[in-house]
Amino acid sequence: LRKLGAGFWAAVLVPLFVVVMPPLALYQTWASLSPYALAGLVSAAGALLADRAMSRPAQRWRYGAGATACVLVAAAVYQPAAMYFWALAAARFVLVPATPRARWAEVAVRVAITVSGLVLDYLFSIVLPYVIFGHQIASPRSSIATNPLGKLSDFGQALRDSLNMS
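Residues numbered from 1 in each chain as written. Predicted model: local features only at pLDDT ≥ 70, side-chain atom pairs only at ≥ 80, totals over all residues. Heavy atoms only, no water.

**Q** How would you sum up the packing of helix α3 (residues 60-77) against helix α6 (residues 100-133)? Please name residues and give values.
**A** Their axes nearest at 8 Å, the elements α3 and α6 cross at an angle of 50 degrees. With respect to their mutual orientation, α3 and α6 come out oblique. Regarding α3 and α6, the two cross each other, and that crossing is right-handed. Facing Gly 64, Ala 67, Thr 68, Val 71, Leu 72, Ala 75 and Ala 76 of α3, the residues of α6 in contact are Ile 113, Thr 114, Ser 116, Gly 117, Leu 118, Leu 120, Asp 121 and Phe 124. When grouped by side-chain class, the residues that make up the contact of α3 with α6 number 9 nonpolar, 5 polar and 1 charged. (Axes fitted to C-alpha atoms, helices over the stretch in contact; angles between N-to-C directions. Helix = DSSP H or I, 4+ residues; strand = E, 2+ residues; numbered from the N terminus. Parallel < 35°, antiparallel > 145°, perpendicular 65-115°, else oblique. Left-handed = near helix turned anticlockwise from the far one by under 90°. Contact = heavy atoms within 4.5 Å. Nonpolar A, V, L, I, M, F, W, Y, C, P; charged D, E, K, R; others polar.)

**Q** Run through the environment of Ala 75, naming residues and quoting values.
**A** In this structure, Ala 75 sits in helix α3. Residues Ala 75 and Asp 121, 46 residues apart in the sequence, show an inter-C-alpha distance of 6.6 Å. Excluding residues that lie within four positions of it along the chain, Ala 75 makes contacts with Ala 82, Leu 118 and Asp 121.

**Q** For the packing of helix α5 (residues 84-95) against α6, give the residues involved together with the corresponding values.
**A** Contact geometry of α5 with α6 gives a least axis separation of 12 Å together with a crossing angle of 175 degrees. In terms of orientation, α5 and α6 fall into the roughly antiparallel class. Of the residues in α6, those in contact with Phe 85, Trp 86, Ala 89, Arg 92 and Phe 93 of α5 are Arg 103, Glu 106, Val 107, Arg 110, Val 111, Ile 113 and Thr 114. In terms of residue class, the contact of α5 with α6 is built from 7 nonpolar, 1 polar and 4 charged.

Keep in mind these values describe shape, not function.
Here you go:
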């Protein structure tokens, strides 16, 4: 801006104001949250692989391992995105008719895939810091809650506080 003839303060303040403008903040948010959307797509791919695992018994383990890997990657990026796996399963439960026995078998396979992916994700969150950094990184966000009722109570309090409009 200085080369275009703008004054010093204009050259300093105009870029600052542009950076804090709401539309630019929206693009910045989209850019910083894009891995979450990709995690959702990976989770959706896992759901499709789970469908294949159930429809092709000869290759069930291969497709099941692929679905587990997709859940693992999605959970490692953003755990709520990994649960998109179940959104597609719910759509399948509603749209595709099945006998009760087949439906329970499908639920069992999907639960096994989800639990396997989440357990592997938890193990990787413990092992990978040792591999990469040589020591464990102490983060309460990457540990299993030792007091789930207390955590639920804290969440309920935070939810009540956030809904308090006064």
